[in-house]
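Okay, here's what each chain looks like letter by letter:
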Amino acid sequence: MDIEDLCQNKCTQPYPRNRSCSNCKDSNRTAFGAPSQPVDQTHSNHDQEHTQSTTSSLDVVIIGAGVIGCAIAREMARLKLKVCVLEKGEDIASGASKANSGIVHGGYDETHGTLKARVSGKGNRMFKTWNEELNFGLRVTGSMVLAFGKDEEPELHRLLENGTKNGITGLRIIDRALIEYQNEETPNSNREEIIQLEPFINPAVHKALLCPHSGITSPYEYTIALAENAILNGVQFHLKCEVTDLQRLAPTPDLGLPHGGFLVRSNNNQLEFTTQIVINAAGLFSDKIAAMLGAADFSILPRKGEYIVLDKTQAKFANRVLFPVPSPVRGKGILVSQTLHGNLLLGPTSRDVNEDSRTNTEILRDIMGSARQSVPGFDVTKAITSYAGLRAKCSRGDFIIEESKVCRGLVNVAGIDSPGLTSSPAVAVMVCEIVAGIWRRNTGVDVPVNPWFNPLRPPIIVKKEPGYKGEIDHPSIPGLNIICRCEAVSEAEIVDAIHRPLGAHSTDAVKKRTRAGMGTCQGTFCEPRVAQLISRELNVKVEDVPRRGVGSSLLPHKRVTAEDAALLDRLSHEGEKGQQIKSKL
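Residues numbered from 1 in each chain as written. Predicted model: local features only at pLDDT ≥ 70, side-chain atom pairs only at ≥ 80, totals over all residues. Heavy atoms only, no water.

Across its full length, the protein holds twelve helices and 24 strands. Burial status across the protein gives 56% buried among its 585 residues. With an accessible surface of roughly 25,000 Å², the protein has 50% of that area assigned to carbon and sulfur atoms. (Helix = DSSP H or I, 4+ residues; strand = E, 2+ residues; numbered from the N terminus. Buried < 20%, exposed > 50% of the residue type's maximum accessible area, 1.4 Å probe, protein only. Areas by Shrake-Rupley, 256 points an atom, 1.4 Å probe, with all protein chains shown as cover.)

Encoded structure:
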């Protein structure tokens, strides 16, 4: 597909050639006007209604529609197999995949010889191509690990050596030695290299490990792109479909299982599946899924990570992803980084919620204090939100990507914590290789290739060029009618998101796909407007449109208030004093 064409009905929305524009069913429709005809609110693969019990015969069932499950689904679509993804949430990317750093790691940190080391570097190298195909958004910014004294310097050398063993190129340790550089304004200036690269960094920095290959993406936009492309290529998705029972089946030719397989039951009494292969990508619940088949030779140990997001005025404080060297004082440390769309991100923590008794106030203070060790100058009163997520840390201490030894045909993809996002393309390829091996073992032939596989997916978010003339409540052109003023999201983009595969049926789902509600006001202005669009497009009452959930903020209010900003400012200063005391010890 080519996304360079523009809709001829003047909505200014790019769309693929040979496909009609989803935003202009009626070119005369004005903002929040009624469509020319009712729109069927039942999407393929979305909130499907069934009047009688249905057993579907499949080749592969994937359990879990997070970033790993969706990456596997997209890669499986390259094969000519009947594949289905089951997700218990109301939308994809509803767990760890919506609440993480969005960092594409460099691959130098994972211990050489581990599975993490094997797939993280390969996954990093695949990201550029996948973004070119799927248009989810990627910025290769590079990263630094910062040492603030000679005692931390050995850790930089250890990471450099480990990364080199992992095959990561371009790593180097930089310091405060003066370097020559030239530009038109100051042709013979000397500056310290670290300060040159990161002008707002703590001047007490001693040395840093520089990795040029790290980057940032949007984890939920990436996951959505994977799922949309998988559906385009024939993969089925069932949301609000929690797996409640798995049973091993003996060879049953009448069910299309000549070599045996599985019966998969869900909380939707009308839906059950028979399948030759089950891929367990259930994240935090992957050990429970494996246990249904007596194959739980691992356990998942959830760890919580919390973040603070500052507005776009603070993005200047970090050009790269900035990590501290782990130390007894700071623990694993708090990163400071821009987000894909230009906010400043502080976090995450990493804690066992059953053992860590800190209050939210104490956690906020620790995040800000650690972040200021790297970048002291940011204004924490510019915070716009806070969020938390759980990571699926594994009892084995490494990723699990393997066919179960006690249950043939079950592929466990479990314990995929950091750097799982980075590794996901390589994990997906590895899982497909395992599936191909199972198929060959069962049938004696290679798995057939899908000759119609299309790797391309057009973006939802349209880049607004400097000459863009959008306005709030534009009377006639959806592509110029601004619904979210903070992020300049147009009616055309939101309508596109509503009508795509796995379309957005709630204001939260629209937010993940278009960023409407992610700006400074956090949806105060646009959420009612988005709800009206969903109501109009899906022909439902506006009061029946699901709204933003409670969330996981560390702050007292769902949306940051003046009271929250004052609290953050006070805690930030307390954190500065604490860091000063620690540095003297």
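We are not done yet, so read on.
What follows deals with the pairing of strand 23 (residues 481-484). Relative to strand 23, strand 22 (residues 471-472) is paired through two bridges, and the arrangement is parallel. Counted as the bridge partner of I472 is I482 from strand 23. From the end of strand 23 to the start of strand 24 (residues 489-490), which pair antiparallel, there are four residues, and A488 there has a positive phi angle of about 55°. (Pairing = 2+ DSSP bridges.)

At a minimum axis separation of 10 Å, helix 9 (residues 491-499) and helix 11 (residues 527-538) run at an interaxial angle of 50°. Compared by their axis directions, helix 9 and helix 11 come out oblique. Remark: the crossing between helix 9 and helix 11 carries right-handed chirality. On helix 11, the residues touching E491, I494, V495, I498 and H499 of helix 9 are V530, L533, I534, R536, E537 and L538. (Axes fitted to C-alpha atoms, helices over the stretch in contact; angles between N-to-C directions. Parallel < 35°, antiparallel > 145°, perpendicular 65-115°, else oblique. Left-handed = near helix turned anticlockwise from the far one by under 90°. Contact = heavy atoms within 4.5 Å.)

For the rest of this paragraph, the subject is the pairing of strand 1 (residues 54-63). Of the strand pairs in this sheet, strand 1 and strand 14 (residues 271-280) are connected by nine bridges, and their pairing is parallel. The partner of I63 across the bridge, within strand 14, is N280. Inspection of the sheet shows strand 1 paired to strand 2 (residues 83-86) by four bridges, in the parallel sense. Pairing of V60 across the sheet is with V83, part of strand 2.

We now examine unusual backbone geometry. Residue P348 follows G347 across a cis peptide bond; omega there is 0°. Here P348 lies in the loop between strand 18 (344-347) and helix 7 (360-374). A cis amide bond links S418 with the next residue in sequence, P419, at an omega value of 5°. By the element assignment, P419 lies in the loop between strand 21 (410-414) and helix 8 (420-443). Of note, K240 is a non-glycine position whose phi angle comes to about 50°, a positive value. With respect to the helices, strands and loops of the structure, K240 is situated in the loop between strand 11 (236-238) and strand 12 (243-249).

All right, on to helix 10 (residues 507-514) then. Of all eight residues that make up helix 10, seven are buried, and the element is covered over most of its length. Of the positions making up helix 10, those classed as buried are T507, A509, V510, K511, K512, R513 and T514. Tucked into the core, helix 10 has its buried residues touching helix 5 (219-232), strand 24, helix 9 and helix 11. A positive backbone phi angle near 80° is found at R515, which sits one or two residues after helix 10.

It is worth spelling out the pattern of salt bridges at this point. Per the stated rule, a full pass over the model turns up 30 salt bridges. When the shortest N-O distance is used, the salt bridge between R457 and E228 registers 2.9 Å. Linking R457 in the loop between helix 8 and strand 22 with E228 in helix 5, this pair joins segments that are 229 residues apart in sequence. If you follow the salt bridges from partner to partner, you end up with E228, R457, D496 and R500 in one network. (Salt bridge = Lys/Arg side-chain N within 4 Å of Asp/Glu carboxyl O.)

Summed over the entire model, instances satisfying the criterion amount to three cavities of 30 Å³ or more. Lining the largest cavity are T507, D508, K511, A516, G517, Q522, G523, C526, E527, V530 and R548. Those elements that place two or more of their residues in the lining of the largest cavity are helix 10 and helix 11. Residue classes in the lining of the largest cavity are distributed as three nonpolar, four polar and four charged. (1 Å grid on protein atoms, 1.4 Å probe; cavity = no way out; pocket = protein on both sides within 12 Å on 5 of 7 lines; lining within 4 Å. Points joined across faces, edges and corners; volume = space filled by probe spheres on them. Nonpolar A, V, L, I, M, F, W, Y, C, P; charged D, E, K, R; others polar.)

Strand order in the open sheet made by the three strands is 22-23-24, with mixed pairing throughout. Lying at the two open borders of the sheet, with one neighbouring strand each, are strand 22 and strand 24. The sheet contact formed by strand 23 and strand 24 spans two bridges and is antiparallel. Paired with I482 across the strands is S490, a residue of strand 24. Sheet strands touched by helix 11: strand 22 and strand 23. Its angle to strand 23, the strand with the most contacts, is close to 115°.

This next bit is on the sheet that holds strand 3 (residues 103-104). Taking strand neighbours across the sheet as the criterion, the three strands line up as 3-10-4 in an open arrangement whose pairing is antiparallel. Two strands close off the open sheet at either side, each with one partner strand: strand 3 and strand 4 (138-139). One ladder, built from two bridges, connects strand 3 with strand 10 (residues 215-217); its direction is antiparallel. Residue pairing in the sheet places I103 in a bridge with I216 of strand 10.

With respect to the helices and strands, the residue S490 is situated in strand 24. Judged by relative accessible area, which is 2%, S490 ranks as buried. Discounting residues that sit within four places of it in the chain, S490 has contacts with Y468, P478, G479, N481, I482 and I483.

You can see N412 is positioned in strand 21. For N412, the side chain forms a polar contact with the side chain of N280, separated by 3.0 Å. Beyond its immediate stretch of four places on either side in the chain, N412 contacts N280, A290, A295, F298, I400, I401, E402 and S404. (Polar contact = N/O pair within 3.5 Å; in protein donor to acceptor, adjacent residues only side chain to side chain.)

For the rest of this paragraph, the subject is the environment of I438. Tracing the chain through its elements places I438 in helix 8. Along the backbone, I438 and R408 are 30 residues apart, and their C-alpha atoms lie at a distance of 8.5 Å. Among all residues touching I438, those that are not within four sequence positions of it are I277, E403, G409 and V411.

All told, the structure shown has five aromatic pairs when counted by the stated rule. Site record: aromatic cluster; members linked through ring pairs are F127, F136 and Y222. If you follow R248 out to its NZ or CZ, it ends over the ring of F262, 4.6 Å from the centre. Lying across the ring of F378, R372 places its NZ or CZ 4.1 Å from the centre. (Phe/Tyr/Trp six-rings, centres within 6.5 Å; stacked < 30°, edge-to-face > 60°. Lys NZ or Arg CZ within 6 Å of the ring centre and 35° of its normal.)

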